[in-house]
Amino acid sequence: MQQPDPHHTIPGNLAPHIPANVYQRAQATGQPVVIVVNDTNPTGFPWRRVLIPFAIAGAVVAGGWGLAAALCWLMDVAAHTATAIAGAVAGPLGVGGITLKLAQSKNK
């Protein structure tokens with residue numbers, strides 16, 4: 001007996017997993033074969049299929065806002081640092097051989 005192709009059969013119509021000896025005994029004696037199908041498909045709308053993409057999109061949006069907030073904070077700290085340095089050093093500022101003149105002196 002040839003087994004049916006599982007890709008072209010509708011689940012529930014055929015049971016190719018019945019052992020051959022059980023099938024032959026049922027055919028010979030006329031005894032019915034009971035097939036129990038454990039159907040675990042939930043009833044109602046599959047919320048998980050919808051909520052997972054929204055959760056991923058929400059995480060991406062929250063991460064984007066967090067990145068924007070972190071960049072704004074970093075720029076704010078850099079601006080305050082530059083202002084503090086310019087206020088404290090009213091002359092040339094040299095780092096590694098490069099000198100920057102932050103403010104002009106009043107004596108020309």
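What you see as residue numbers is a count from 1 along each chain, following the sequence as written. With pLDDT at 70 or above as the cut-off, local features in this predicted model cover only qualifying residues; side-chain atom pairs require 80 or more to be listed or tallied, and sums for whole chains, interfaces and linings still use all residues. With hydrogens and water excluded, all non-hydrogen atoms of the structure serve as input to the side-chain values.

Re the overall build of the protein
Then, in step 1: Numbering of helices and strands starts at the N terminus; helices are DSSP runs of H or I of at least 4 residues and strands are runs of E of at least 2. The helix and strand inventory of the protein stands at two helices and two strands.
Then, in step 2: Ordered by position in the sequence, the α and β elements of the protein form the string α-α-β-β.
Then, in step 3: For every residue, the accessible area (1.4 Å probe, protein chains only) is compared with the maximum for its type, and the residue is labelled buried under 20%, exposed over 50%, or partly exposed between those bounds. Counting over 108 residues, the protein shows a buried share of 3%.
Then, in step 4: The Shrake-Rupley method, run with a 1.4 Å probe sphere, supplies the accessible areas, and residue values consider only the shown protein chains as cover. Looking at the protein as shown, the accessible area adds up to about 10000 Å², and 65% of this sits on carbon and sulfur atoms.

A look at helix H1 (residues 20-29)
Then, in step 1: In terms of burial, H1 is a largely surface element, one of the 10 residues being buried.
Then, in step 2: Phi turns positive, to about 80 degrees, at Gly30, one or two residues after H1.

Notes on the confidence of the model for the protein
Then, in step 1: Values of pLDDT, ranging from 0 to 100, describe the predictor's confidence in every residue of the model. Of the residues in the protein, 63% have a pLDDT of 70 or more, and the chain-wide mean is 77.
Then, in step 2: Helix H2 (residues 47-88) holds the highest mean pLDDT among the elements of the protein, 91, whereas strand S1 (residues 92-95) holds the lowest, 61.

Remarks on a nonpolar patch on the surface
Then, in step 1: Together, Leu67, Leu71, Trp73, Leu74 and Val77 make up a nonpolar patch on the protein surface, roughly 520 Å² of accessible area in all.
Then, in step 2: Considering the arrangement of structural elements, one finds Leu67 in helix H2.
Then, in step 3: Judged by its relative accessible area of 54%, Leu67 falls in the exposed class. Only residues above 30% relative accessible area that lack a salt bridge enter a patch, with like-charged residues linked at up to 9 Å and the nonpolar side chains Val, Leu, Ile, Met, Phe, Trp and Tyr linked at up to 5 Å. We define a salt bridge as a side-chain nitrogen of Lys or Arg found within 4 Å of a carboxyl oxygen belonging to Asp or Glu.

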